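Spelled out from the first residue to the last, the chains are:
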Amino acid sequence: PPLQFSSLHATILYMPIKVLSETVAARIAAGEVVERPASVVKELVENSLDAGATRVEIDIVDGGQKRIRIQDNGCGIPREEATLAFKRHATSKLETATDLERIATLGFRGEALASIASVSRVTCTTRHVDEKVGTRLRLEGGKLVSNTAIGRPPGTEMVIEDLFYNVPARRKFLRTERTERRHIDAFLTRYAIAYPEIAFRVTQNGHEVLATSGSGDPQAALIAVYGMDLGGSLLEIAPETTAEQPIQVRGFVGPTTVHRANRGYITLFINGRWVEDLRLTYAVIQAYHTLLPTKRYPVAFVEVTMPPGEVDVNVHPAKTEVRFRDGDAAFRAVQRAVRATVIEQAPAAAAWEPGAEHAEQAEDASQPQGNAALRSKLSQLQPQGRQIEFDTARPARQAAGAAAADQPGAAQAEGERPALSGSTSSLPPLRVIGQAASMFIIAEGPDGLYLIDQHAAHERILYEQMTARWATGDVPAQPLLEPQSVTLAPDESDQLEALLPTLHALGIEVEAFGPNTFLVRALPAPLPDLDANKLLIDLAGSIEAGAEAPSPIRTALEEQVVRHICKRAAVKAGQVLSTEEMKRLIHDLERTENPRTCPHGRPTILQISTTQLARQFGRTE
Ligand code: ADP
Ligand code: MG
């Protein structure tokens with residue numbers, strides 16, 4: 001069952017609003033609450049949840065700078081107390097310093113309304129459930145402008161206009177409308193998932209971007225936010241793992257086949273509050289140890305509940321950080337619950353082995369099924385680091401070193417490892433010998449053996465082809481027979497929308513279709529194997545539009561997008577290649593300007609010279 005925080009709140013809903021005593025106020029973590037429009041949205045939505053609302057509507061205009069409107073059907077504010085609510089340190093949620101030790105509400109500092117009102121124009125319309133008459137207050141820059149009695153249904157509507165109108169310095173620091181929107185959406189989507197029993201409806205500039213039903217079904221909320229593909233694929237954390245514990249862990253986590261380029265998809269809630277906690281984030285990542293490819297992060301939505309006395313939320317002004325009485329216990333509980341879920345519920349074959357990430361694709365790319373087992377066995381041969389260590393080389397080296405440490409040969413021991421060749425020189429002519437681990441091409445050249453990482457090499461080839469075509473403005477788009485649809489979370493949609501012109505210039509035609517859904521209509525003609533779905537998810541998750549970095553071609557942003565495209569279009573590790581395909585790949589690699597590294601800077605090729613081979617076989621003459 002979903003968390004029932006509103007029931008916890010019921011006990012304090014009818015406490016009158018009072019200004020906290022100086023001593024209590026002094027113990028409250030002080031600091032600025034209102035940094036940007038998203039902080040206003042956060043504080044107001046938290047107030048609505050604390051008021052026991054089951055329906056919350058949020059309308060944002062112009063990234064929240066022009067207007068933020070939040071309407072709820074909560075308990076409302078009594079007419080007598082309405083003006084008090086806008087005083088600093090006025091709260092109905094707390095009275096004594098001991099209350100601070102077991103906070104069960106999202107708010108408790110009595111500062112938000114005062115802070116918000118001081119930097120904007122506020123219209124607060126509210127009616128308390130037990131009263132017949134409602135109240136409308138207008139405040140400008142914190143000063144009460146009018147106070148009228150009005151009729152309205154129980155609940156509260158807050159309209160915040162012209163944020164920071166009287167603080168130009170603050171206004172200057174606001175980012176673009178898009179960025180502010182993204183912050184707001186990122187916050188709201190998380191709360192929509194954590195509170196499935198509450199119906200959220202969000203509009204941005206009049207367009208609905210998120211709506212949850214309030215049915216109480218967390219998976220339905222996940223799907224409303226993330227779309228069917230991602231939301232529907234997540235596994236529910238097995239409740240029995242922490243049923244008897246004081247620390248309970250609930251939520252949803254991705255199977256091992258689902259992963260992302262950054263940690264942004266790990267969301268943590270502690271006692272109904274979204275927090276950013278590095279240690280618990282790490283506990284989630286740890287739970288996937290060895291199950292995900294390196295540098296990839298899980299998707300997880302984890303809710304931890306514990307007695308309020310076990311966790312101090314009075315640490316950070318924005319209340320997004322907490323301190324645990326027993327941090328280790330929290331870490332263990334999260335790590336264990338997530339790990340158990342991932343391991344038990346994920347089909348055994350889905351556990352990631354090098355190359356398995358793309359195993360499904362490789363399979364339907366007309367591969368004999370029998371390869372799968374072989375592939376997974378072979379894939380365990382993957383070297384750990386960049387350089388191959390030959391086991392047999394070690395004893396030999398040690399023996400040589402022990403026997404005659406000052407011999408010239410011994411000093412070269414380090415150099416005996418297969419060399420990582422420099423990245424500037426071109427390739428010698430190579431003859432393909434075969435493929436190892438469905439990942440590496442083995443070739444012979446004028447000076448020894450060459451191992452080529454097929455994926456990295458192909459990425460390099462595509463990257464140079466693509467940038468060359470692009471430089472001449474000639475990336476032909478190939479229309480798809482059937483457009484592919486991709487659904488993203490609202491904040492990602494904003495991100496992707498910003499990239500659409502760049503994608504268009506690269507031959508990828510994507511159009512917005514419905515609130516958070518996009519249709520891919522065409523792909524670059526040279527890249528028929530591009531997985532558009534995965535590409536768009538990568539881009540939305542890892543590219544910050546406007547990010548700056550030095551780059552040889554046009555802009556850093558475009559260069560990043562090209563690299564992502566090449567990564568997604570390149571042959572995968574785990575794909576069995578025919579001799580013809582391998583020859584073709586080597587041939588194309590020879591024609592690149594920088595054949596020795598992939599666009600991400602990893603080596604494409606390792607060389608073991610004939611001399612090294614001879615030496616390691618003890619042929620030292
Ligand atoms: P806090 O939430 O820390 O108590 P706020 O400044 O956010 O402080 O709000 C002050 C008080 O105003 C709250 O304690 C609550 O009694 C009342 N209040 C604010 N928003 C609402 C709302 N949407 N519904 C009912 N009461 C509200
Ligand atoms: Mg509050």
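In what follows, the accompanying structure is described. What you see is a predicted model, and the numbers here were worked out from it, not measured in a lab. Here the residue numbering is sequential within each chain, running from 1 through the sequence in written order. Whichever chain is written first is A, and whichever ligand is written first is 1; the rest continue in order. Where local features are concerned, this predicted model is filtered to residues with pLDDT of at least 70; where side-chain atom pairs are given and counted, the filter is 80 or more; whole-chain, interface and lining totals use all residues. To get the side-chain values, all heavy atoms of the structure are used, and hydrogens and water are removed first.

### Concerning the sheet that holds strand β6 (residues 134-140)
- The rule for pairing is simple: two strands pair if DSSP sees at least two bridges between them. To qualify as a helix, a DSSP run of H or I must reach at least 4 residues; to qualify as a strand, a run of E must reach at least 2; elements of each kind are numbered from the N terminus. Spatially, 8 strands are ordered β7-β6-β5-β8-β3-β2-β9-β10 in an open sheet, and the strand pairing comes out mixed. In this open sheet, the two strands that pair with only one neighbour each are β7 (143-150) and β10 (207-211). Geometrically, the sheet is characterised by an average inter-axis angle of 10° between neighbouring strands, direction not taken into account.
- Pairing analysis gives 7 bridges linking β6 to β7, with the strands arranged antiparallel. For helices, the fitted line uses only the C-alpha atoms of the stretch in contact; every axis is such a line through C-alpha atoms, and the angle between N-to-C directions lies from 0 to 180 degrees.

### Brief notes about the site of ligand 1
- Residue proximity to a molecule or strand is established when one non-hydrogen atom of the residue lies within 4 Å of it. By nearness alone, 19 residues border ligand 1, and Asn 47, Thr 91, Ser 92, Lys 93 and Gly 110 come closest of all.
- Residues adjacent in sequence count toward polar contacts only when both atoms are side-chain atoms; beyond that, a polar contact is any pair of N or O atoms within 3.5 Å, and within protein one must be able to donate a hydrogen and the other to accept it. Between Thr 91 and ligand 1, the recorded distance is 2.6 Å, taken from a side-chain N or O atom to an oxygen atom.
- Ser 92 places a polar side-chain atom, nitrogen or oxygen, 2.6 Å from an oxygen atom of ligand 1.
- Alone, ligand 1 offers 530 Å² of accessible surface; in the complex the protein occludes 95% of this. Per-residue accessibility takes into account occlusion by the displayed protein chains alone, with areas from the Shrake-Rupley method and a 1.4 Å probe.

### Some details on the sheet that holds strand β23 (residues 517-524)
- In spatial order, the strands read β21-β23-β22; together these 3 strands make up an open sheet with antiparallel pairing. With partners counted over all chains shown, the strands left at the sheet margins are β21 (477-487) and β22 (509-512), one partner each. Taking each pair of neighbouring strands and ignoring which way they run, the sheet shows an average axis angle of 20°.
- Across 7 bridges, β21 lies against β23 in antiparallel orientation. Counted as the bridge partner of Ser 485 is Leu 519 from β23.
- Those strands touched by helix α17 (residues 532-542) are β21, β22 and β23, and its axis lies near 60° from that of β21. By definition, residues are in contact when any of their heavy atoms lie within 4.5 Å.

### Remarks on helix α19 (residues 579-590)
- In a helix, the anticipated span is given by 1.5 Å times the number of residues less one. For α19, with 12 residues, the first-to-last C-alpha span of 16 Å sits near the 16 Å given by 1.5 Å per residue.
- Relative accessibility thresholds used throughout: buried, under 20% of the residue-type maximum; exposed, over 50%; partly exposed, between the two (1.4 Å probe, protein chains only). Every buried residue belonging to α19 is among Met 582, Leu 585, Ile 586, Asp 588 and Leu 589, and all of these are buried. Seen end-on, α19 carries its buried residues on one side only, within an arc spanning 165°. Opposite the packed face of α19, turned more than 90 degrees from it, sit the exposed residues Glu 580 and Arg 584.
- Against the buried residues of α19 lie β18 (431-436), β19 (440-445), β20 (448-453) and α15 (454-471). Here the arc refers to the set of directions running from the helix axis out to each C-beta atom.

### Focus on the nonpolar core
- Among the nonpolar cores identified, the biggest contains 60 residues, and Val 41, Val 45, Ile 58, Phe 86, Tyr 191, Tyr 195 and Phe 200 are the most heavily contacted of them.
- In terms of residues, this core owes the most to one element, helix α7 (residues 177-194), which gives 7 residues.
- If sequence neighbours within four positions are ignored, Val 41 has contacts with Ile 58, Ile 60, Ile 68, Ile 70, Ile 184, Phe 187 and Leu 188.
- Nonpolar core, defined: a set of buried Ala, Val, Leu, Ile, Met, Phe, Trp, Tyr and Cys residues in which side-chain atoms within 4.5 Å join the residues together. Counting 39 residues, the second largest nonpolar core, distinct from the first, contains Leu 94, Val 249, Ala 287 and Leu 291.

### Brief notes about the packing of α7 against helix α8 (residues 218-231)
- The N-to-C vectors of α7 and α8 enclose an angle of 160°; their axes lie 8 Å apart at closest approach. With respect to α8, the axis of α7 lies roughly antiparallel. Our pair here, α7 against α8, has a crossing hand that is left-handed. Mapping the contact onto sequence places Thr 189, Ala 192 and Ile 193 in α7 and Ala 221, Leu 222, Val 225 and Tyr 226 in α8.
- Taken together, the residues of the contact of α7 with α8 sort by class into 6 nonpolar, 1 polar and no charged. The cut-offs work like this: below 35 degrees is roughly parallel, past 145 is roughly antiparallel, 65 to 115 is roughly perpendicular, and the gaps in between are oblique. Two helices cross in a left-handed way if the nearer one is turned anticlockwise from the farther one by less than a right angle. They cross in a right-handed way if the turn is clockwise. Residue polarity is assigned by list, with Asp, Glu, Lys and Arg as charged and Ala, Val, Leu, Ile, Met, Phe, Trp, Tyr, Cys and Pro as nonpolar; anything else, Gly included, falls into the polar class.

### Side note on the pairing of β20
- By the bridge criterion, 6 bridges tie β19 to β20 in an arrangement that is antiparallel. Across the sheet, Gly 445 pairs through a bridge with Gly 448, a residue of β20.
- Between β19 and β20, which follow one another and run antiparallel, lie 2 residues.
- As paired strands, β20 and strand β24 (residues 605-608) are joined by 4 bridges and run antiparallel to one another. Bridging from a neighbouring strand, Tyr 450 pairs with Gln 607 of β24.

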